[in-house]
Amino acid sequence: MCDQVANDRPATPNKSGRLSKPRSREAEQGYCSKCKTVKATIAVRQSIFCKACFLTGTEAKFRTAMSKLRPSTPPRPAGSGSNESSGPSGVLALSGGCCSVALLHLLAMLIEQDRSRPHAVPQIASLAVVFIDESEIIPCDPAYYPRLEALVRQYAIPLRTVKLSSAFDLNTAGRTLVVENTTVSSTVPDPTKSSLDRLRAVFDSSPSTSAKEDLLDSIRTHLLLHAAQDATYLFLGSSTTTLANRVIAATAKGKGASIPRFLAPTSAPLGSASPTVLKPLATFTAKELGLFTYFRRLDVIPFPTLTSARPPGLKVSVHHITQSFLAKLEATQEGTVSAVYRTAAKLRASPTDAPLCPLCLECPLEPADVAAGTRHGATTAGHVAMVCWGCGTVLDELQRRDRRGARGPVEVPLFDQIAEYLLSDDDE
Amino acid sequence: MPACQRCTTARAALKRPKTGESVCKACFYLAFETEIHETITTNHLFRRGEKVAIGASGGKDSTVLAHVLHLLNQRYDYGLDLVLLSVDEGITGYRDDSLATVQRNQVQYGLPLKIVSYGDLYGWTMDEIVAQVGLKNNCTFCGVFRRQALDRGAVLLGVDHIVTGHNADDIAETVLMNILRGDIARLQRCTSILNNNDGTIKRSKPFKYTYEKEIVMYAYFKNLDYFSTECIYAPQAYRGYARTFLKDLEAIRPSAILDIIHSGEAFAAPSDPPSAKTTAAPAHAHGEKPAQRDAGECERCGYMSSQRVCKACVLLEGLNRGLPRLGIGKTDRLRRRHNLHEATSPETLGRTIEHMANVRLEAARASPAAAASPPTPPPPAGAAGVGVGEPSTALSAPSAAAATARGVGVANNDAPRLASRGALMEL
Amino acid sequence: MVSLELRFSGGMELLFGGTKAVTVDVPLKAGAATMRDLLPWMRDHLLKERPELFMDGDSVRPGILVLINDADWELEGDLEYALKASDEIVFISTLHGG
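- In the nomenclature of an unreviewed UniProt entry, chain B corresponds to Cytoplasmic tRNA 2-thiolation protein 1 from the organism Allomyces macrogynus.
- Under the heading Sequence similarities (unreviewed entry), UniProt records this for chain B: "Belongs to the TtcA family. CTU1/NCS6/ATPBD3 subfamily."
- Within the UniProt record for chain B, the comment given under Pathway (unreviewed entry) is "tRNA modification; 5-methoxycarbonylmethyl-2-thiouridine-tRNA biosynthesis."

- Per an unreviewed UniProt entry, chain A goes by Cytoplasmic tRNA 2-thiolation protein 2 and derives from Allomyces macrogynus.
- Taken directly from UniProt, the Subcellular location (unreviewed entry) text for chain A runs: "Cytoplasm".
- UniProt's Pathway (unreviewed entry) comment on chain A is quoted here verbatim: "tRNA modification; 5-methoxycarbonylmethyl-2-thiouridine-tRNA biosynthesis."

See below:
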């Protein structure tokens, strides 16, 4: 039965379903909304600006965003890793893309400005950059590394590169996993295998690109939190566009419960004993940041992702389909991405004592039988790990692969498959 | 063909879209039906003795719903009194055929049938509405009018509960649409399986976790009679995008539909303050009367409304007065400009919707087990809405004979109604 | 023939053999040829990688920004903008994200 009420009718694509004409804002030509004296040449977010005002406006907007980021819990004092003058220290996660490069530039600029103002209380006193090297799983052009180093060197900020396989290094107890209050498997990682072997084994065992992406996200999160463990803040360059993509992708993966947490401009995934995660670019669209990095002549280094070389129409992974879907909507209905972000930002996390999923650190844990039972209409027998619904699907995909073993269905403890890769905190 | 993964004896006939299992037909039917039964019991959808109307459009969802509910009612002895309730929006071609299907369902399942039509209720068919307002906001009209039509039909039948065939794909699509459109209020409500809190008849969706593909397969294998065409007036614009996205997701991850519903359930955490609609607005500085109040009644037709005049009456007035944008978008500004806060004369107002009190009166007369307290007559036009006494819901299930008589009685009226609609179209 | 300066940034250069900037003489009529003509020409003569990563229908793939002489092409008429000699056209990809 048709139940459509109040359907809006945005511009419909032509019969082939493809865009033949981008939306034109020629009708909006006029003077810059800010200075009102120079002809506007840039159109972002329902406004038009001249190039100069766009640039200064972006910088001012960043300063305002930073000043509004007051973490809900007082930040930890900087740990022993900080050797700059007293004040909060930050670690910035740099991926080489336009958003994190813009963040590096804007943050470095802010620190410089604060230093030259003796009376200002510095919001952040020192900064270091962390780059997660994914080449063990996704090979890249080796020429990118010197470019990255050159980029960061301009700001006289230390750069630390962390390889994916380091997530599988064993601590002195022979474990890679230390997460409190969580059901853990009893498997002890094989000490004769190298970290790289363990990394590759986990990725090879995953049949789907979506599962690989989720695993990669989890490993990256753990590595970043670990790298920033002595700092006050961990800065992420997530833009409105990135976050809107994550909202839809999270919804599609059954991780709707995680949305209030990852959308919050400040968060502390590991509680008070961890850096506060800040996302100062949450209100900037990818377009704004793409233009900013171009105009400021900043080198954007396109490290490949699992799906960046795949055509937009292919159904490669949840993230890939989502990115194409939202990019297309945004092209016909500008403001879609902001609308998704604003809507999702109104969602409130339901108060819960449940600990966060140890894999993704985003969703609260749910009773395992509910997560498994309702999802597939049948309970998964055997060892069902305490993970969130979304990660449960990832584990199921791992298990399904082994289920097709030569001798018929094989009962594989789910959690043991990935237990090895969760990082330990050496000082725990 | 491998063996069925469930019974391991019969040959597998299909692969379940929901779980990827290869199963034989018998196991598929059983799994399909049992999962719906579990949804019904886990969520306590029904009470024994309840009279339940199945929203029947003749399409696959409602046909399978009628079939399965009828079956489960017998198999598990729910003790329900089931009836079919159909809405005739007056869309030539589309609705004629699907109504014919519903009438066949009535015979096939031995269930009484009531058809309520826009033409009878409002004096306007969808064909006429679209001719007047065009294709931009026609779905708003249809959605509002259908809601009232179902409720009125339900009151006439004396039912306590309406079930609709919304399936998992519908709900997943609605979750996505509400995020894209920025409708946080709807987003937080759209995954609830039971809706019993806004004064209208209780509604539920037993197919909430049932995949559309499986409904189609069930209907196909069981040779169920259904009519499948999209509404010719449905725009498909935004929904088209969301639907394609959903299908793409499902192609790589069959559980995506359930995953999205699971996410939607997480959004429903009730921690936001009550919506502005239910709080009384203070009197405006310009002397306007506050237009909102809690769960009251429309002063024209008596339907549940938090506004002084319900949405359907506003839309209808717009149609009658040649103001097709009345009730759409900037409602208040248009209302103020046309002095709609003042009582308008019956001539300008045009035909109004029959008052709910009369509907209840009719229902009480039709049922031999009459209401305990007689309903009060409608208030005179222009006066503030007076609360009408609710007919007692302790109506015991009317005798099967009376229910069937009602159904048969209405079905016989179809012939003259169709003729009159045909006459209208010639004007 | 119209001479144009084309620039590629944000990862776009990957589609054009790593080139970040190139001057081209395009066999189109200055003042008459538009962006709508330029894009397919680029796809057929310059593109080294899959065309679906550059174009979608008549226009660029969603997520690619286009600047004409440092101005947003949406304010210059986008596909209908008439090319002039020595125009600088920049293609910026935002799809390599954060």
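A short note on the pairing of strand β3 (residues 89-94) of chain A
Within a regular strand, side chains alternate between the sheet's two faces.
All names here are of chain A.
Okay, so step 1: With 6 of 6 residues buried, β3 is to be regarded as a mostly interior element.
Okay, so step 2: On β3, burial covers both faces: S89, V91 and A93 on one face and G90, L92 and L94 on the other are all buried.
Okay, so step 3: Pairing geometry for β3 and strand β4 (residues 126-133), over 6 bridges, is parallel. Bridging across to β4, G90 finds its partner in L127.
Okay, so step 4: Note that β3 and strand β6 (residues 233-235) share 3 bridges and pair parallel. In the strand pairing of β6, G90 is matched with Y233.

So, the pattern of salt bridges
Okay, so step 1: Per the counting criterion, the structure on display carries 47 salt bridges over all chains.
Okay, so step 2: In this structure, the salt-bridge partner of K61 of chain A is E288 of chain A, at a minimum N-O distance of 3.1 Å. On the criterion of sequence distance, the pair formed by K61 of chain A in helix α1 (residues 51-68) and E288 of chain A in helix α8 (residues 286-295) is long-range, its members being 227 residues apart.
Okay, so step 3: A salt bridge links R7 of chain C to E88 of chain C, with the nearest nitrogen and oxygen atoms 2.8 Å apart. Placement of the pair is R7 of chain C in strand β1 (residues 2-9) and E88 of chain C in strand β7 (residues 87-93), with a sequence separation of 81 residues.
Okay, so step 4: Among the charged side chains, a salt-bridge network with shared partners connects R16, K18, E35 and E214 of chain B.

Side note on the interface of chain A and chain C
Okay, so step 1: Contacts between the two partners involve 43 residues from chain A, matched on the other side by 38 residues from chain C.
Okay, so step 2: Between chain A and chain C, a total of about 3,300 Å² is buried, with carbon and sulfur atoms accounting for 55% of that surface.
Okay, so step 3: Between chain A and chain C we count 6 salt bridges in total.
Okay, so step 4: Residue D72 of chain C is joined to K287 of chain A by a salt bridge in which the shortest nitrogen-to-oxygen separation is 2.7 Å.
Okay, so step 5: Our enumeration of links across chain A and chain C arrives at 7 residue pairs in polar contact (both at pLDDT 80 or more).
Okay, so step 6: Elements with a contribution of two residues or more to the side of chain A that touches chain C: β1 (42-44), α2 (98-115), α3 (144-153), α8 and α9 (318-332) of chain A.

Observations regarding the domain arrangement of chain A
Residues and elements named next belong to chain A.
Okay, so step 1: Annotation of chain A at the domain level lists domain 1 (1-7 + 21-49) and domain 2 (50-70 + 85-421).
Okay, so step 2: Note on domain 1 versus domain 2: buried area summed over both sides is about 1,200 Å², and carbon and sulfur give 54% of it.
Okay, so step 3: For R45, the salt bridge is made with E288, and the minimal N-O distance between the two is 2.7 Å.
Okay, so step 4: Inspection of the region where domain 1 meets domain 2 yields 3 residue pairs in polar contact (both at pLDDT 80 or more).
Okay, so step 5: Broken down by element, the side of domain 1 that touches domain 2 gets its largest block of residues, 3 residues, from β1.
Okay, so step 6: In terms of residue class, the side of domain 1 that touches domain 2 is built from 8 nonpolar, 2 polar and 5 charged.

Topic: the nonpolar core
Okay, so step 1: Membership of the largest hydrophobic core comes to 53 residues, with the highest contact counts inside it found for F62, L94, L104, L107, F235 and L291 of chain A.
Okay, so step 2: Top element by residues in this core is α2 of chain A. It accounts for 11 residues.
Okay, so step 3: Two domains each provide a minimum of three residues to this core, namely domain 1 (1-7 + 21-49) and domain 2 (50-70 + 85-421) of chain A.
Okay, so step 4: Ignoring any residue separated from it by four or fewer positions in sequence, one finds L291 of chain A in contact with I42, V44 and F54 of chain A together with L65, L67 and I92 of chain C.

Points about the sheet that holds strand β2 (residues 21-26) of chain C
Residues and elements named next belong to chain C.
Okay, so step 1: Overall, mixed pairing links the 5 strands, which are arranged β2-β1-β7-β5-β6 in an open sheet. Among the strands making up the open sheet, the edge pair consists of β2 and β6 (71-72).
Okay, so step 2: Across 6 bridges, β1 lies against β2 in antiparallel orientation. The partner of E5 across the bridge, within β2, is T23.

Quick word on helix α1 (residues 25-42) of chain B
Residue pairs spaced three or four apart in an α-helix point in one direction, given the helix's 3.6 residues per turn.
Okay, so step 1: Over its 18 residues, α1 of chain B extends 25 Å from the first C-alpha to the last, a length consistent with the 26 Å expected when each residue adds 1.5 Å.
Okay, so step 2: Positioned one or two residues after α1 of chain B, H44 of chain B has a phi angle of 50°, which is positive.

A look at the sheet that holds β6 of chain A
Residues and elements named next belong to chain A.
Okay, so step 1: A sheet is described by the order of its strands in space; here 6 strands give the open sequence β5-β4-β3-β6-β8-β7, paired in mixed fashion. On the outer flanks of this sheet lie β5 (159-163) and β7 (266-267), each paired with one strand and no other.
Okay, so step 2: Packed onto the sheet, α2 meets β3, β4 and β6 and runs at close to 155° relative to β3.
Okay, so step 3: Contacts from helix α5 (residues 209-227) reach β3, β4, β5, β6 and β8 (276-278) within the one sheet, and its direction differs from that of β4 by about 150°.

Quick look at the pairing of strand β5 (residues 64-68) of chain C
Residue and element names in this part refer to chain C.
Okay, so step 1: Among the 5 residues that make up β5, 5 are buried, leaving the element largely enclosed by the rest of the structure.
Okay, so step 2: Burial of β5 is two-sided: the residues I64, V66 and I68 facing one way and the residues L65 and L67 facing the other way are all buried.
Okay, so step 3: Judged from the 5 bridges that link them, β5 and β7 form a sheet pairing that is antiparallel. Paired with L65 across the strands is I92, a residue of β7.
Okay, so step 4: Examined bridge by bridge, β5 and β6 share 2 bridges and lie antiparallel to one another. Across the sheet, I68 pairs through a bridge with A71, a residue of β6.
Okay, so step 5: Here β5 folds back onto β6 in antiparallel fashion, the turn holding 2 residues, of which N69 has a positive phi close to 50°.

Concerning the confidence of the model for chain B
Residue and element names in this part refer to chain B.
Okay, so step 1: Residues with a pLDDT of 70 or more make up 71% of chain B, whose mean pLDDT is 75.
Okay, so step 2: Note that residues 271-293 has pLDDT below 50 and, in this model, 28 contacts with residues that lie over four places away or in other chains.
Okay, so step 3: Within the model, the stretch residues 370-427 combines pLDDT values under 50 with 66 contacts to residues more than four positions away or in other chains.
Okay, so step 4: Reported confidences for the modelled complex are a pTM of 0.80 and an ipTM of 0.95.

Side note on the packing of α1 of chain A against α8 of chain A
Residues and elements named next belong to chain A.
Okay, so step 1: Contact geometry for α1 and α8: axes closest at 11 Å, N-to-C directions at 110°. Relative to α8, the element α1 lies roughly perpendicular. Note that α1 runs across α8; the crossing there is left-handed. Contacts between α1 and α8 pair K51, F54, L55, T58, E59 and K61 from the former with E288, L291, F292 and F295 from the latter.

A look at the packing of α2 of chain A against α8 of chain A
Relative orientation and spacing of two packed helices are given, respectively, by the angle between their axes and the distance between those axes.
Residue and element names in this part refer to chain A.
Okay, so step 1: Axis separation between α2 and α8 bottoms out at 9 Å; the angle between their running directions is 60°. Relative to α8, the element α2 is oriented oblique. Along this stretch, α2 crosses α8, giving a crossing that reads as left-handed. For the pair formed by α2 and α8, the contact residues are C98, C99, V101, A102, H105 and L106 on the first element and L289, G290, F292 and T293 on the second.
Okay, so step 2: Tallied by class, the residues present in the contact of α2 with α8 amount to 7 nonpolar, 3 polar and no charged.

Basis of the calculations
- Throughout this description, residue numbers start from 1 for each chain and increase along the sequence as written.
- Chains carry letters and ligands carry numbers; both start at the beginning, A for chains and 1 for ligands, and go up in the order they are written.
- Selection of residues for local features in this predicted model requires a pLDDT of at least 70, selection of side-chain atom pairs for listing and counting requires 80 or more, and totals for whole chains, interfaces and linings are taken over all residues.
- Think of the side-chain values as coming from all heavy atoms in the structure, minus any hydrogens and water.
- UniProt positions are given in the numbering used here, feature names are shortened, and annotations may be inferred rather than shown by experiment.
- Throughout this description, buried means an accessible area under 20% of the type-specific maximum (1.4 Å probe, protein chains only), exposed means over 50%, and partly exposed covers the range between.
- Where helices and strands are cited, they refer to DSSP runs of H or I of at least four residues and of E of at least two residues respectively, numbered from the N terminus.
- Pairing between strands is defined by DSSP: at least two bridges between the two strands are required.
- We define a salt bridge as a side-chain nitrogen of Lys or Arg found within 4 Å of a carboxyl oxygen belonging to Asp or Glu.
- Should any heavy atoms of two residues lie within 4.5 Å, those residues are counted as being in contact.
- Accessible-area loss on putting two parts together, using a 1.4 Å probe and summing over both, is the definition of buried area adopted here.
- Whenever two N or O atoms come within 3.5 Å, that pair is a polar contact, provided that in protein one can donate a hydrogen and the other can accept it, and provided that, for residues adjacent in sequence, both atoms are side-chain atoms.
- Where each domain starts and ends follows an automatic or database-derived domain assignment.
- As a working rule, the residues Ala, Val, Leu, Ile, Met, Phe, Trp, Tyr, Cys and Pro are called nonpolar, Asp, Glu, Lys and Arg charged, and the rest polar, with Gly in that last group.
- Grouping buried Ala, Val, Leu, Ile, Met, Phe, Trp, Tyr and Cys residues that are joined through side-chain atoms within 4.5 Å yields what is termed a nonpolar core.
- Take the number of residues in a helix, subtract one, and multiply by 1.5 Å to get its expected span.
- All axes are obtained by fitting lines to C-alpha atoms, using only the stretch in contact for helices, and the reported angles, taken between N-to-C directions, cover 0 to 180 degrees.
- Per-residue confidence from the predictor is given as pLDDT, running between 0 and 100.
- Roughly parallel here means an angle under 35 degrees, roughly antiparallel means over 145, roughly perpendicular means 65 to 115, and every remaining angle is called oblique.
- It is the rotation of the near helix from the far one that decides the hand of a crossing: anticlockwise by less than a right angle makes it left-handed, clockwise makes it right-handed.

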